[in-house]
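Take a look at the letters that make up each chain.
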Amino acid sequence: MDWSRYRFVSIWDVSAPPAVVYGVLERAEEYPRWWPQIREVATVDDATGTMRIRSFLPYDLVMTVRESRRDPAAGVLEVTLGGDLDGWARWTVTAHGTGTRATYEQEVEVRRTMMRLLAVPGRAVFRANHALMMRAGRRGLVARLEGV
């Protein structure tokens, strides 16, 4: 097993319509306004940007994010990641009951040296850190949707 590889899946059920949820999720440059752990997003060009995140643990992760798929009809937003994390991330937004299910999937390999050195003893802590970030993101999205 490569202890520096991670696969995450998070499911967020929210009461807003899928088109509204997709509209918020496709504007990554606005994530820092509602997702506390996403500290900074900078646009490089129409399909590329940089993102700096920091959750509970006292370090920032910096990534280049490049759009690889934007399909409103299918409800899919997918990006490739490079930098401290190398891999991909995808949102899939679908109708669910009277609201929306936003499924976040991510497969990455950690490139940051310190995290690679601590891969085995720190794995559970890194996964918990990610879970805390995703929980806060869901709360932020719900609050953002209430304001839309």
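In this text, all values refer to a predicted model and were calculated from it rather than measured experimentally. Numbering of residues starts from 1 in every chain and runs along the sequence as written. Owing to the predicted nature of the model, reporting of local features is limited to residues with pLDDT of at least 70; listing and counting of side-chain atom pairs is limited to 80 or more, with chain, interface and lining totals taken over all residues. The side-chain figures draw on all heavy atoms in the structure; neither hydrogens nor water molecules are used.

Q: Explain the overall build of the protein chain to me, please; I cannot follow it from the model alone.
A: Check the secondary structure of the protein chain and you find four helices and seven strands. By definition, any uninterrupted DSSP run of H or I lasting at least four residues is a helix, any uninterrupted run of E lasting at least two residues is a strand, and each is numbered from the N terminus. The order of α-helices and β-strands along the protein chain, N terminus first, is β-α-α-β-β-β-β-β-β-α-α. Radius of gyration here is computed from C-alpha atoms only, and the compact-globule reference equals 2.2 Å multiplied by the residue count raised to the power 0.38. Its C-alpha atoms give the protein chain a radius of gyration of 15 Å, near enough to 15 Å, the size a compact globule of 148 residues would have. Taking all 148 residues of the protein chain together, the buried fraction comes to 43%. Contact definition: two residues touch when any of their heavy atoms are within 4.5 Å. Long-range contacts, defined here as pairs at least 24 residues apart, represent 51% of the contacts in the protein chain between residues at least 6 apart. In the form shown here, the protein chain has an accessible surface area of approximately 8000 Å², with 54% of it arising from carbon and sulfur atoms. Here's how the labels work: a residue is buried when its accessible area is under 20% of the maximum for its type, exposed when over 50%, partly exposed in between, all with a 1.4 Å probe on protein chains only. Methods summary: accessible areas were calculated by the Shrake-Rupley approach with a probe of 1.4 Å, and residue burial reflects only the protein chains presented.

Q: In this structure, what is going on with the pattern of salt bridges? I would like to understand it.
A: Note that side chains of opposite charge can pair when their charged atoms are close. The salt bridge definition used is simple: a Lys or Arg side-chain nitrogen within 4 Å of an Asp or Glu carboxyl oxygen. Applying the stated criterion across every chain yields a total of 19 salt bridges. Across the pair E30 and R144 runs a salt bridge whose closest N-O atoms are separated by 2.8 Å. Of this pair, E30 sits in the loop between α1 (18-25) and α2 (31-34) while R144 sits in helix α4 (residues 119-147); the two residues are 114 residues apart in sequence, bridging distant segments of the chain. For R144, a relative accessible area of 24% gives the class partly exposed. Here R70 makes a salt bridge to E67, at a shortest N to O gap of 2.7 Å. Here E67 falls in the partly exposed class, since its relative accessible area comes to 31%.

Q: I'm lost on α4 in this one. Help?
A: In an α-helix, one full turn covers 3.6 residues, which means residues spaced three or four apart are oriented alike. Over its 29 residues, α4 extends 40 Å from the first C-alpha to the last, a length consistent with the 42 Å expected when each residue adds 1.5 Å. Each residue is assigned a bend, namely the angle between axes fitted to the seven residues that terminate at it and the seven residues that start at it. Residue V125 marks the point of greatest curvature in α4, where the axis turns by about 30 degrees. Expected span of a helix: the number of residues minus one, times 1.5 Å.

Q: Just to check I follow, could you spell out the sheet that holds strand β5 (residues 76-83) for this structure?
A: To summarise the sheet geometry, strands pair through backbone hydrogen bonds and adopt either a parallel or an antiparallel arrangement. Only strands that DSSP links by at least two bridges are regarded as paired with each other. Spatial strand order, β1-β7-β6-β5-β4-β3-β2: seven strands in an open sheet with antiparallel pairing. Looking at strand neighbours, the two that pair on one side only are β1 (5-14) and β2 (38-43), the edges of this open sheet. Within this sheet the neighbouring strands show an average axis-to-axis angle of 20 degrees, counted without direction. Note that strand β4 (residues 61-71) and β5 share eight bridges and pair antiparallel. Along β5, the bridge assignment pairs R70 with L77. Axis lines are fitted through C-alpha atoms, for helices just across the contact stretch, and the angle between N-to-C directions can take any value from 0 to 180 degrees. Sitting on the sheet, α4 touches β1, β2, β3 (48-53) and β7 (99-110), and the angle it makes with β1 is about 25 degrees.

Q: I keep staring at the pairing of β3 and nothing clicks. Help me out?
A: Consecutive side chains of a regular strand alternate in pointing toward one face of the sheet and then the other. With five bridges joining them, β2 and β3 adopt antiparallel strand pairing. Bridge pairing in β3 links T43 to G49. In this structure, the hairpin formed by β2 and β3 is closed by a connection of four residues. In this structure, β3 lies alongside β4, joined through six bridges in antiparallel fashion. From the neighbouring strand, I53 faces β4, where its bridge partner is L61.

Q: Help me understand the layout of surface pockets, please; the structure alone is not making it clear to me.
A: Empty space among the atoms can be located by rolling a probe the size of a water molecule over them. Within this model, the largest pocket holds a volume of roughly 860 Å³. Residues are called lining when one of their atoms sits within 4 Å of a cavity or pocket point, these points coming from a 1 Å grid over the protein atoms alone, where a cavity is a set in which a 1.4 Å probe fits but cannot get out and a pocket is an open set with protein on both sides within 12 Å along at least five of seven lines. Contributing to the lining of the largest pocket are 48 residues, with Y31, M51, V65, V79 and L81 lying nearest its centre. Of all the elements in the fold, those that place two or more residues in the lining of the largest pocket are β1, β2, β3, β4, β5, β6 (85-96), β7 and α4. When residues in the lining of the largest pocket are grouped by element, the largest group, seven residues, is from β4. Grid points are joined across faces, edges and corners, and a volume is the space filled by probe spheres set on the points.

So yeah, pure geometry; function would need other evidence.
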